[in-house]
Amino acid sequence: MRCTTTLLLCLSQTAVVVDVVSSLDNGLGRTPPLGWSSWNYFALDINETLFRQMADAMVDTGLAAAGFEYINVDAGYLTKTRNASDGNSLIVDSSRFPSGVRALSDYIHSKGLKLGVYTDLTAHSCGPGPGSFQHYERDAQTFAHDWQIDYLKVDYCGNEVGR
């Protein structure tokens, strides 16, 4: 009897706060982004074939049908330098990605999946490639328009970002 009385006393002194939340009914954000990223297992040991195989596996195992839709390329797909002759564009490592990122993106999209890539806020990424510092607009154009990327992971592995 005493436990019940104490519980009722605690409940009677508890304020209930209810927040009203509104959202768009557009299907976005119902789950976290579901997919696969190369970093945790493969780190820098990646290539185009790996991502094509993962996309195939995502579909073949039923993960895509269950809502897993992203195949994310992490650090290791770029060369160490930018292409100074064309406005400092990113250079994809052709020994690892011989068809280029756009061809990989087209393949991933043909499977009904989405492709993500990696960049860094600073001038240096966590891998061998450059970061996007001082090239944000150029890189955004590359990711969104040239490569048709659906997801962008942005890291912070350096210290030269201006405020």
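Right, let's walk through the structure included here. (Residues numbered from 1 in each chain as written. Predicted model: local features only at pLDDT ≥ 70, side-chain atom pairs only at ≥ 80, totals over all residues. Heavy atoms only, no water.)

Details of the overall build of the chain
Per the secondary structure count, the chain includes five helices and four strands. In sequence order, the secondary structure elements of the chain are arranged as α-β-α-α-β-α-β-α-β. By the burial criterion, 31% of the 163 residues in the chain qualify as buried. Across the chain, every contact between residues at least 6 apart in sequence was considered, and the portion connecting residues at least 24 apart equals 70%. Accessible surface, the chain: about 10,400 Å² in total, of which carbon and sulfur atoms supply 54%. (Helix = DSSP H or I, 4+ residues; strand = E, 2+ residues; numbered from the N terminus. Buried < 20%, exposed > 50% of the residue type's maximum accessible area, 1.4 Å probe, protein only. Contact = heavy atoms within 4.5 Å. Areas by Shrake-Rupley, 256 points an atom, 1.4 Å probe, with all protein chains shown as cover.)

Observations regarding the state of the cysteines
Under the criterion given, the structure shown has one disulfide. With a sulfur-sulfur separation of 1.4 Å, cysteine 126 is cross-linked through a disulfide to cysteine 157. Of this pair, cysteine 126 sits in the loop between strand E3 (114-120) and helix H5 (136-146) while cysteine 157 sits in the segment after strand E4 (151-155), and the two are 31 residues apart along the sequence. Since its relative accessible area comes to 36%, cysteine 157 is described here as partly exposed. (Disulfide = S-S within 2.5 Å.)

Re the side chain of serine 89
Among the secondary structure elements, serine 89 is positioned in the loop between strand E2 (70-72) and helix H4 (100-110). Here the side chain of serine 89 touches aspartate 86 through a polar contact of 2.8 Å, side chain to side chain. Here serine 89 is in contact with Arg82, Asn83 and Arg138, once residues within four sequence places are set aside. (Polar contact = N/O pair within 3.5 Å; in protein donor to acceptor, adjacent residues only side chain to side chain.)

Considering the packing of aromatic side chains
Centre distance and the angle of the planes are the two values used to describe a pair of aromatic rings. All told, the structure shown has eight aromatic pairs when counted by the stated rule. When the centroid spacing of 5.9 Å and the interplanar angle of 35 degrees are considered together, the rings of phenylalanine 51 and phenylalanine 97 count as tilted. One end of the pair, phenylalanine 51, is in helix H3 (residues 48-60); the other, phenylalanine 97, is in the loop between E2 and H4, with 46 residues separating them in the sequence. Classification of phenylalanine 51 by relative accessible area gives buried; the value is 0%. Between phenylalanine 143 and tryptophan 147 the ring centres are 5.8 Å apart and the planes differ by 55 degrees, which places this aromatic pair in the tilted class. One cation-aromatic arrangement involves arginine 52 over tyrosine 107; the distance from NZ or CZ to the ring centre is 4.6 Å. (Phe/Tyr/Trp six-rings, centres within 6.5 Å; stacked < 30°, edge-to-face > 60°. Lys NZ or Arg CZ within 6 Å of the ring centre and 35° of its normal.)

Describing the environment of alanine 66
Among the structural elements, alanine 66 can be located in the loop between H3 and E2. Judged by its relative accessible area of 56%, alanine 66 is exposed. A C-alpha to C-alpha distance of 9.5 Å links alanine 66 and leucine 34, two positions 32 residues apart in sequence.

Side note on H3
When the terminal C-alpha atoms of H3 are compared, their 18 Å separation across 13 residues agrees well with the 18 Å that a helix rising 1.5 Å per residue should span. Looking at H3, one finds that the buried residues are Glu48, Leu50, Phe51, Ala55 and Met58. The buried residues of H3 all sit within an arc of 160 degrees when viewed along its axis, so they share a single face. Buried residues along H3 sit against strand E1 (35-37), helix H2 (39-42), E2 and H4. N-cap assignment for H3: the residue whose side-chain oxygen lies 3.0 Å from the backbone N of threonine 49 is asparagine 47. Glycine 62 sits one or two positions beyond H3 and adopts a positive phi of about 90 degrees. (Expected span 1.5 Å × (residues − 1). Arc of directions from axis to C-beta.)

Fair warning: the whole summary comes from geometry, so function is off the table for now.
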